[in-house]
Amino acid sequence: MSKINKEKGPGLGSIKKSSVGLPAILSTLNMGLFDLGPGKSTRVMRKMNQFDGFDCPGCAWPDPDDERTPFGEYCENGIKAIATEADSKTIYADFFKNHGIDELKSKTEMELGKLGRIAEPMVKLPGATHYTPIAWEEAFALIAKNLKTLSSPDEAVFYTSGRTSNEAAFMYQWFAREFGTNNLPDCSHLCHESSAKAMMKTIGVSKGSVTLNDFEKTDLVIILGQNPGSNHPRMLTSLEKCKKNGGKIITINPIPEAGLSAFKNPKKLLKVFGKGTILSDLYLPVTINGDVPLLKAILQLLFYEERKRPDAAFDIPFIYENTEGYEAFANHLLQQDFNTLADASGVERALIKQAAEMIRKSEKMIICWSMGLTQHENAVENIQEVINLLLVKGAFGKEGSGPCPVRGHSNVQGDRTMGITEAPSASFLKNLKETAGFAPPEKPGYTVVEAIKAMESGKAKVFVSLGGNLASAAPDASFTARALQKCTLTVQISTKLNRSHLETGETALILPCLARSEKDVSNGNIQLVSTENAMGIVQSSKGVLPPCSPHLKSEPDIVAGIARHTLTETKTLWKSWAANYDEVREVIEKVIPGFQDFNTRLRKKGGFILPNSLREKTFPTPSGKAQFTINEVPDLSLPDRSFRMMTIRSHDQFNTSIYGLIDRYRGIKNDRKIVMMNKKDMDALGLKSKQKVNLSNPFSPDTLQLSGFSVVPYPIPKGCIATYFPEANALISIQHTAKTSQTPIYKSSIITVSPIT
Ligand SMILES: Nc1nc2c(c(=O)[nH]1)N[C@H]1C(S)=C(S)[C@@H](COP(=O)(O)OP(=O)(O)OC[C@H]3O[C@@H](n4cnc5c(=O)[nH]c(N)nc54)[C@H](O)[C@@H]3O)O[C@H]1N2
Ligand SMILES: Nc1nc2c(c(=O)[nH]1)N[C@H]1C(S)=C(S)[C@@H](COP(=O)(O)OP(=O)(O)OC[C@H]3O[C@@H](n4cnc5c(=O)[nH]c(N)nc54)[C@H](O)[C@@H]3O)O[C@H]1N2
Ligand SMILES: [Mo]
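Residues numbered from 1 in each chain as written. Chains lettered and ligands numbered in written order. Predicted model: local features only at pLDDT ≥ 70, side-chain atom pairs only at ≥ 80, totals over all residues. Heavy atoms only, no water.

For the rest of this paragraph, the subject is the sheet that holds strand 16 (residues 462-466). Hydrogen bonds along the backbone pair up the strands of a sheet, which may run parallel or antiparallel. Read from one edge of the open sheet, six strands run 6-5-18-17-16-7, paired in mixed fashion. The open sheet terminates on both sides in strands that have one partner only, identified here as strand 6 (132-133) and strand 7 (156-160). Note that strand 5 (residues 122-124) and strand 18 (residues 507-512) share three bridges and pair antiparallel. Paired with Lys 124 across the bridge in strand 18 is Ala 508. Sitting on the sheet, helix 8 (residues 166-179) is in contact with strand 7 and strand 16, with an inclination near 170° to strand 7. (Pairing = 2+ DSSP bridges. Helix = DSSP H or I, 4+ residues; strand = E, 2+ residues; numbered from the N terminus. Contact = heavy atoms within 4.5 Å. Axes fitted to C-alpha atoms, helices over the stretch in contact; angles between N-to-C directions.)

Written out as structure tokens, the structure reads:
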């Protein structure tokens, strides 16, 4: 467990080349022992990601289809996620009596999380300084009263974070639509929305098509804008298998992330002391947001090769049979100047040529990407350029090939499948209407950024949050706090205390729910829920631990409670749904394609895979063809003394849940208010290692500022800086989002850095 040492300032160690290995295992076990106690640790680890266990509440990377190790399918960060969730400490009414909201606001996000699990429902009444206890039925009645006094259902916002089960998500969207609104923003808007928009437009499907098996069959994996060593550690096992079978890996990232250089598989304990597998064959240190020029430079080199020797680089039969827009795309490539593209990308020409040659030779290629591509102003274009590369190589409908947007939260993909979206498709609404017997609203609802703006301007007045921590996860922390404070009612359905429980509306409710690892018992039976991982596999999840408090309710039960009190005329069987999720699944089966025989197939070992037409080389775009796109090179010039800033995760956090202060692979500890900067840039500004600086975003309509950050030298391209999420969120403008997807530009704010004098 890390020690908090605010006095000492940041500790700097060496940047690690390899990930996992012995220190990781020790760190994991320490964490497990610390928070859970040894008996509970073992029980949890034996059941996590097992066929008859529960789905890890961490990331969305899939579990192996075939063998699973007897000691649990886990990774270091999965254990940290579970240890945090299954915390034995609890906070009851007496805690809230002794600690007012203002006092709690002075705590960091990490300190709040470490207070323990919320153990009973609480309310903050208008004008009160403290939360006080409230009975469940009273809490539901209070929500109903507030919702019923709105002048339109569109004045309510129903947010979802991606941990919610399919069953709870399905009930939640049904409730919002029966109430009369499509205001169902979710954390996807802050995450992979840019991928969804780009993929829908170009290939007609918003999900990736590859499976774990494809990683064993492929000859090339390209990883852009992703740090799997920290955020999807089990992906390294797939990459290791790819390497064993002769595959190659290219990584494209402004910083050399550990885990991609060398990987020691924690499950093979004997190998821990060995050298590990070198994973990445080629690393391209792209400048922040230099991916479009880099990909274009690669595409141009491939195009020239293809012109010289037909079939040398492109899959022309695939292109002619399955795509549109190739000629315009090829003409555009011809007009580009290679040197200008290379300069804009920040990558040496020789490395670009090496990458192009590896791609040219590849016959089966997977491209993985995550937040490094999705959180820029031109994020949708970034991903469209990735699709262009997949299209020229014909990387669809064949083994070992395809797009792999690596999702974040464990069920974020499933929540979208269940209808959590502000813009439901016409076919979804039709199915819902036929099954539900009410007319769901057609007018699109708010995205996350639109919802925050609506609350801030008084257009939305009630905010309900099914998990998550909007106050810390959203951009412009003070704007978002103001938005929440302007609501008449804010409701947090959650497991642990976070900033969003403290930036309250006039009235505020905390409704504590069961976590995924806890037993959800109804009429003496343990209920199953389901989740969908990043590869479209739907699996069951069954909690194994006793609930941390007798006063918790399950998420479906809470949604049903709110619905029962709000929808007085409802014909929906809320009570019996909450008592038996099989009944919810029977209805899901009617509304959502791919879920036939849901209850039976869910109980099969390993669950089932949802259909994905990309695997059959079918592109459900309006014309039935995949689309090439022409994407502009972004203007990457920087005003004097300014930097392009990316906000990233450390190795010791899950989003806004901060486990500790050791970003072990990057060698940074004891502090998270850190600015990673190129040594030459530090010299030019006259900054010393660990010197305190002020950061400001003068390009936002209201200048956004933070002080007291320490600058540290780091191998990052000149002109680029990195800070941690969520500490730097106060600097990110809410007015300036990605085109089309409205995702905040968490990875490319323009920031000035000045020493504290
Ligand atoms: N342990 C743990 N696991 C997690 C999470 C967690 O916080 N902790 N969060 C979950 C969630 S919700 C998500 S969405 C995922 C996030 O997983 P990641 O996307 O891996 O998370 P980030 O830390 O945002 O890292 C983005 C990576 O992109 C790189 N990058 C930034 N800008 C650019 C750019 O312009 N171009 C390129 N090529 N690279 C760039 C950064 O250097 C960094 O390595 O992880 C999920 N899993
Ligand atoms: N600067 C910057 N900001 C970012 C990002 C970035 O890269 N940079 N990334 C963005 C991304 S990718 C994402 S996905 C968002 C994440 O945004 P959110 O999903 O809103 O935030 P989380 O931190 O994942 O939410 C954590 C809280 O969820 C609650 N919780 C945990 N488990 C459960 C459960 O089982 N049920 C319920 N009901 N509640 C639970 C706990 O109370 C916990 O405090 O942040 C975004 N914000
Ligand atoms: Mo995410």
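Past the structure itself, the notes keep going.
Our next topic: the site of ligand 2. In the vicinity of ligand 2 there are 29 residues, among which Tyr 159, Ser 161, Glu 555, Thr 656 and Asn 729 approach most closely. Between ligand 2 and Glu 555 there is a distance of 2.6 Å, counted from a nitrogen atom to a side-chain nitrogen or oxygen. Thr 647 has a polar side-chain atom sitting 2.9 Å from a nitrogen atom of ligand 2. Protein chains bury 96% of the 930 Å² of accessible surface belonging to ligand 2 in isolation. For the shell around ligand 2, the class distribution of residues is 11 nonpolar, 13 polar and five charged. Here the shell around ligand 2 spans two domains, since at least three of its residues come from each of domain 2 (90-191 + 411-592) and domain 4 (642-755). (Near = heavy atom within 4 Å. Polar contact = N/O pair within 3.5 Å; in protein donor to acceptor, adjacent residues only side chain to side chain. Areas by Shrake-Rupley, 256 points an atom, 1.4 Å probe, with all protein chains shown as cover. Nonpolar A, V, L, I, M, F, W, Y, C, P; charged D, E, K, R; others polar. Domains from an automatic or database assignment.)

Here we take up the layout of surface pockets. In this structure, the largest pocket spans a volume of roughly 1200 Å³. What lines the largest pocket is a set of 36 residues, among which Met 200, Ser 206, Lys 207, Arg 416 and Thr 417 lie closest to the centre. For the lining of the largest pocket, the secondary-structure elements that each account for two or more residues are helix 9 (193-203), helix 20 (412-417) and helix 21 (426-436). Class assignment of the residues belonging to the lining of the largest pocket gives a composition of 14 nonpolar, 15 polar and seven charged. (1 Å grid on protein atoms, 1.4 Å probe; cavity = no way out; pocket = protein on both sides within 12 Å on 5 of 7 lines; lining within 4 Å. Points joined across faces, edges and corners; volume = space filled by probe spheres on them.)

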